[in-house]
Amino acid sequence: MKKQLSQNWIISKSWLRFLAIIILVIGVFFRFVNLDKKIYWNDEVYSSLRISGYLESEMNDRLRNGRLVSLEDLQKYQYPNSEKNTIDTIKGLISEESQVVPLYFVILRFWVEWFGNSIAVIRSFSAFISLLTFPCLYWLCQELFGSSLVGWMSIALIAISPIHVLYAQEARTYSLWIVAILISSSALLRAMRLKTKVSWCIYAATLSLGFYSHLFFTWIALGQGVYVAVIERFRLSKTSINYLFSALAGFITFLPWIWIIITHPTPDKLSWANAKQTFFESAIRWVGIISRAFLDVGIGSSEPLKFNIALIFCIFIILTLIIYSIYVLCRRTSKEVWLFILILTGSVALPLLAVDLLFEKQSTSTRYLLPVVLGMQLSVAYLFTIKLTSISPKIWQKKLWSLVVSIVIISGIVSCMLSSQAQLWWIKVPQRYQEYPEIANILSKTNKPLLISDADMIFIQTLGHLLDPKVRFQFVTQEQLPEITNGFTDIFLFKPSDFLKAGIEKIYNSKLQQIDRSLWKITKSS
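Residues numbered from 1 in each chain as written. Predicted model: local features only at pLDDT ≥ 70, side-chain atom pairs only at ≥ 80, totals over all residues. Heavy atoms only, no water.

Observations regarding the overall build of the protein chain
And then number 1: Secondary structure assignment for the protein chain yields 24 helices and 6 strands.
And then number 2: In terms of overall dimensions, the protein chain is globule-like: its C-alpha atoms have a radius of gyration of 26 Å, near the 24 Å expected for 526 residues.
And then number 3: Seen along its three principal axes, the alpha-carbon backbone of the protein chain occupies a region of about 95 × 50 × 45 Å.
And then number 4: For the protein chain, the residues scored as buried account for 57% of the 526 residues in total.
And then number 5: A sequence separation of at least 24 residues applies to 76% of the contacts in the protein chain between residues at least 6 apart.
And then number 6: Accessible area of the protein chain: about 23,600 Å², with a carbon and sulfur share of 64%.
And then number 7: Side-chain charges in the protein chain split into 51 positive and 34 negative, and the spacing between the mean points of these groups amounts to 14 Å. (Helix = DSSP H or I, 4+ residues; strand = E, 2+ residues; numbered from the N terminus. Rg over C-alpha atoms; globule rule 2.2 N^0.38 Å. Buried < 20%, exposed > 50% of the residue type's maximum accessible area, 1.4 Å probe, protein only. Contact = heavy atoms within 4.5 Å. Areas by Shrake-Rupley, 256 points an atom, 1.4 Å probe, with all protein chains shown as cover. Lys, Arg positive; Asp, Glu negative; His and termini not counted. Charge placed at Lys NZ, Arg CZ, Asp CG, Glu CD.)

Looking at the packing of aromatic side chains
And then number 1: Applying the stated criterion across every chain yields a total of 27 aromatic pairs.
And then number 2: Geometrically, the ring pair formed by Y138 and W152 is edge-to-face, given 5.8 Å between the ring centres and 65° between the ring planes. Of this pair, Y138 sits in helix α8 (residues 133-145) while W152 sits in helix α9 (residues 148-159), placing them 14 residues apart in sequence.
And then number 3: In this structure an aromatic cluster arises from ring pairing among F32, Y104, F105, W111, F115, F125 and F128.
And then number 4: Of note, K495 hangs over the ring of F459, and the distance from its end group to the ring centre comes to 5.2 Å. (Phe/Tyr/Trp six-rings, centres within 6.5 Å; stacked < 30°, edge-to-face > 60°. Lys NZ or Arg CZ within 6 Å of the ring centre and 35° of its normal.)

Some thoughts on empty space enclosed by the protein
And then number 1: Applying the stated rule across the entire model yields 4 cavities of 30 Å³ or more.
And then number 2: The calculated volume of the second largest cavity comes to roughly 80 Å³.
And then number 3: Around the second largest cavity sit R31, S130, T133, I158, H164, Y167, A168, Y174, S175, I178 and L370, which together line it.
And then number 4: Those elements that place two or more of their residues in the lining of the second largest cavity are α10 (162-168) and α11 (174-194). (1 Å grid on protein atoms, 1.4 Å probe; cavity = no way out; pocket = protein on both sides within 12 Å on 5 of 7 lines; lining within 4 Å. Points joined across faces, edges and corners; volume = space filled by probe spheres on them.)

Some thoughts on the layout of surface pockets
And then number 1: Counted as a void, the second largest pocket has a volume near 350 Å³.
And then number 2: Along its surface, the second largest pocket is lined by 14 residues, and I317, I318, L321, V404 and V408 are the ones closest to its centre.
And then number 3: The element best represented in the lining of the second largest pocket is helix α17 (residues 312-332), accounting for 7 residues.
And then number 4: Here the lining of the second largest pocket is built from residues that sort into 12 nonpolar, 2 polar and no charged. (Nonpolar A, V, L, I, M, F, W, Y, C, P; charged D, E, K, R; others polar.)

Notes on the sheet that holds strand β3 (residues 472-475)
And then number 1: The 6 strands are arranged β1-β3-β2-β4-β6-β5 in an open sheet whose pairing can be described as mixed. Looking at strand neighbours, the two that pair on one side only are β1 (68-69) and β5 (510-514), the edges of this open sheet.
And then number 2: The strands touched by helix α23 (residues 457-464) within the sheet are β2 (449-453), β3 and β4 (490-494), with β4 carrying the most contacts at an inclination of about 130°. (Pairing = 2+ DSSP bridges. Axes fitted to C-alpha atoms, helices over the stretch in contact; angles between N-to-C directions.)

Details of unusual backbone geometry
Across the chain, the bulk of peptide bonds are trans and the bulk of non-glycine residues have phi less than zero.
And then number 1: With phi around 60°, F234 is a residue other than glycine that occupies positive phi space.
And then number 2: Within the secondary structure layout, F234 lies in the loop between α13 (217-231) and α14 (238-263).
And then number 3: By relative accessible area, which is 67% here, F234 ends up exposed.
And then number 4: The backbone phi angle of V429 is positive, close to 50°, even though this residue is not glycine.
And then number 5: Topologically, V429 is positioned in the loop between α20 (395-420) and α21 (430-433).

Some words on the nonpolar core
And then number 1: If you look at the biggest cluster of nonpolar residues, it comprises 153 residues, and the most contacted ones within it are F145, L188, Y227, F384, L451 and F473.
And then number 2: Aside from chain neighbours lying at most four places away, what touches F145 is V150, L329, V337, I341, L378 and Y382. (Core = buried A, V, L, I, M, F, W, Y, C linked by side-chain atoms within 4.5 Å.)

Comments concerning the confidence of the model for the protein chain
And then number 1: In this model, the protein chain carries a mean pLDDT of 91, and residues with pLDDT of at least 70 account for 93%.
And then number 2: In the model, residues 1-11 has pLDDT below 50 throughout and makes 3 contacts with residues more than four positions away in sequence or in other chains. (pLDDT = per-residue confidence, 0-100.)

Put into structure tokens, the structure is as follows:
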């Protein structure tokens, strides 16, 4: 009988590994397919500005002078060049975005210098970094659960998780942040198990990596400290002392950037987080974000409620699955396991939730909740593993859970298929950029177009990544009118201020034809 049960276990393990490998291949495919299809939006434009080494203020000063500008002149501030170096990239962050840590941008600059400056190449860096998620995830599951089965199931879920795939294609630091979280978590558990100086030094190094991957890693590090304190029962044990020295060493390496944040504050870059929202709006937003771990049909949390009604049933099922998985995790694993996952899930969630609810702010963004999603997916992976591999006389239970796992995997794959074919998705804030592809199409159909604007240069750069090189530009400051030259077949205004529109009509005796929300065409007055 024992031999038969053992054979059943081996078959289950082999099947799960084989399934996970197939899903992993699919997940890798989705991370690299159509990398340049989605619009290159504001956040990514800022990434390109940073790796170019120029300041946003420099770009504005050099371009907003009313002179004719080519697309090449515009995109000079989007790619590395000989005028600026890596030090300038770091200086740009210090001066204009001190809340953004530099590691990702420094490596990305080298990546672009080596492999080219196309959108696909820039985004491919995040995609390649995201591949490190899988070995790190397997290592964490080995340290945490002592089970390769849970590791393979976790890999399968995250490989085709819509939210992970989307951020793996984003030219921002989130893939690196996830990898840093997984490495530091695994290194901590390994150090607590081995209790050697070398293992604690490795953990200290992973903390430094994490701090310089994303500022919110600070919450992860604090959570790890709470975990060690609770497991050691708040005693100053050898493990506690080793942790304190390692944490101190990691923190000391981050002190220079803490000083930079204090001495070079950039609160204007976080103004979006001051938007007010009610408790009900916060709840809807959180639920929508969490559900994207398994299902995403492209509806953003900022969409009107009527667009989300059709998804309520699916979201309810997903939340039920997550809650049940946490219940099973707490019932069937040791304190060392369930406490670690709960702290990983809550270390970032609780501070953001407190700000959202206490101050009615919109501080929570999907990208900041990636560790929360990661913790929940680990819990669900454990649930699926024990349900599929347990020796149970009730065949219907295994069939039921096999169906549930299949539905979750198919939902993830379908979600990735949908998003991979879209030019706009919720992650790119479509309500802000939905007309940009059409504007680019309109300009491409003209012979010698001129685009005039006094709008934010970041929005113009976003549009620039869609435009044909034949387009010429004139940029002016607010309350300044351009001197329009002859030789252009069509002249357009992009996101013009009221002053610019009124001035053009008056001085040039013209009329403005509004084509869409952001584009006007200058026509002769009859």
